[in-house]
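Examination of the molecular architecture
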Amino acid sequence: MNPAKLATAALVLCALRAGTTLAQVPSPYDNSPSYVAQNPPSASTSDRPTAPEVAQPAAKGQEENGKEEEKKDEPCRLIGEIGCGINVNGWLDMGATANADNPRSRYNGTLAPNDRNEFQFNQTYLVMEKALKTDEHCWDIGGRVDLLYGSDYIYGISTGFETNPDGSPKWNASKHYGLIMPQVYAEIGHGDLSLKLGRIYATIGYESLMAPNNFFYSMNYALRYAEPTTHNGGYLTWKVSETLSMHVCGVNGQDRTDGLTDSFAAMTGFAYTPKEKKYSLNFTIMSGGLEPTNRPTVFAPRTYFSTYLTYNFNEKFQSVTQWDAGWQQNFDLQGNTADFWSFT
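Just so we're clear, the structure is a prediction, and the values are computed from it rather than from any experiment.

Here the focus is the packing of aromatic side chains. Taken as a whole and assessed by the stated rule, the structure comprises 13 aromatic pairs. Measuring from ring centre to ring centre gives 5.5 Å for tyrosine 206 and tyrosine 308, while their planes differ by 75°; the resulting arrangement is edge-to-face. Here tyrosine 206 is found in the loop between β9 (193-201) and α2 (221-225), whereas its partner tyrosine 308 is found in strand β14 (residues 302-314), with 102 residues between them in sequence. Comparing tyrosine 206 with tyrosine 308, the two get one shared label, buried. The interplanar angle of 50° and the centroid separation of 6.3 Å between the aromatic rings of tyrosine 272 and tyrosine 279 together place this pair among those described as tilted. For tyrosine 272, a relative accessible area of 30% translates into the label partly exposed. Members of the aromatic cluster, each reached through a chain of ring pairs, are Phe270, Phe283, Phe305, Trp323 and Trp327. Here the guanidinium or amino end of lysine 196 rests over the ring plane of tyrosine 235, the centre of that ring lying 5.6 Å away.

Okay, here's the thing in structure tokens:
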């Protein structure tokens, strides 16, 4: 495709809110290769390690007015809470992309998730969640299940979950639309500690597979071609103070549930938000996790980190700056090391 001829304009028609190692795989649209994610957060806002909200004292009248304003700002919910603390919510996300080059395959190259030169129904997303309530320093149990159907499914596939260990598909026969379960975990907590076990959106990077968490319809290359989307394992979070939280994780590589080769990867990081909430600083680093070489004696471990800073100019204007970097050993199966980085 001639880059000089490419003019891509993405239009989000609907995103109703109620509540990615670099792997070369065949393009689902033609015989040319494309780089796509083989598997969140990141994680959703609720799954990222963020500092807890600071409760501010307010007069009775102000408190009542505040509650009324909150109700006005809340999105319209079709289902909501269904009992026992379980909340059901979701959204629809779709859009269209126009490519002046008009490729016969309708494939827009490395652009993602609007990688087709046509209208796409990207996400029909459903969340069922029971959030932890440990404010009173007591024990509580929760969990969450996410379901996504749409063209974005190819960016959330986990080897051994939506596919067989060798990467062949299980239930998704279509190249363009499919169903995935990007999150399914149980959670237990007490006071300032909580532990998630299962499949969880990755906390690396700002953007997420979940459409409402992103600024734009298109996503940055770091998320699509370097960052993991989901992890399978354990995720321990400690709210150190009102402004600082830390997390440590033990997972099965990245974007893998049960592959032909599996390995342990460790991940840790923190999130800091001052009391005035003018900005927020997040950092996560991961090391280990073999690349899917499908050869148990061939190793290609990776070390990867991401840090991003959000700054609130006012209530309605926010900026995000992100820096990612990584090193991968034996990336070519010849013993050489590759390094990569991105700045957004």
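Here the narrative resumes, following the displayed structure.
With nine bridges joining them, β9 and strand β10 (residues 230-239) adopt antiparallel strand pairing. Paired with arginine 199 across the two strands is asparagine 232, which belongs to β10. Of the strand pairs in this sheet, β10 and strand β11 (residues 244-252) are connected by seven bridges, and their pairing is antiparallel. Counted as the bridge partner of tyrosine 235 is cysteine 249 from β11.

Looking now at unusual backbone geometry. For residues that are not glycine, phi is negative in most cases, and the peptide bond is trans in most cases. Omega for the bond connecting alanine 112 with proline 113 falls within 30 degrees of zero, at 0°, which places this linkage in the cis form. Summarising the element assignment, proline 113 is placed in the loop between β5 (86-99) and β6 (119-130). Its identity as a non-glycine residue notwithstanding, cysteine 84 has a phi of 60°, on the positive side. Turning to its location among the elements, cysteine 84 is positioned in the loop between β4 (80-83) and β5. The phi dihedral of lysine 277 is positive, around 55°, even though this residue is not glycine. The topology assignment puts lysine 277 in the loop between β12 (264-272) and β13 (279-288).

The next subject is the pattern of salt bridges. Tallied over the entire structure, the rule returns seven salt bridges. Ionic pairing is found between arginine 144 and aspartate 146, a salt bridge with its closest N-O pair at 2.7 Å. For glutamate 162, the salt bridge goes to arginine 199, with nearest N and O atoms at 2.6 Å. Highlighted residues: glutamate 162 in the loop between β7 (139-150) and β8 (178-190) and arginine 199 in strand β9, separated in sequence by 37 residues. The network of salt bridges with common partners includes Arg106, Arg116 and Glu118.

Criteria and thresholds
- Along each chain, numbering runs from 1 in the same order as the chain's sequence is written.
- A pLDDT threshold of at least 70 governs which residues receive local features in this predicted model, and a stricter bar of 80 or more applies before side-chain atom pairs are shown or counted, although totals over entire chains, interfaces and linings include all residues.
- By convention in this description, side-chain values take in all heavy atoms of the structure and omit both hydrogens and water.
- Only rings of Phe, Tyr and Trp enter the pairing, Trp through its six-membered ring, and a pair is recorded when the two centres are within 6.5 Å. The plane angle decides the type: under 30 degrees is stacked, over 60 is edge-to-face, the rest tilted.
- In this description a helix means any DSSP run of H or I spanning at least four residues, a strand means any run of E spanning at least two, and both kinds are numbered starting from the N terminus.
- Three exposure classes are used, based on accessible area relative to the maximum for each residue type with a 1.4 Å probe and protein chains only: buried under 20%, partly exposed in between, and exposed over 50%.
- Sitting over a ring, as applied to charges here, requires NZ of Lys or CZ of Arg to be within 6 Å of the ring centre and within 35 degrees of the ring normal.
- Pairing between two strands is assigned when DSSP locates at least 2 bridges connecting them.
- By salt bridge we mean one thing: a side-chain nitrogen of Lys or Arg within 4 Å of a carboxyl oxygen of Asp or Glu.

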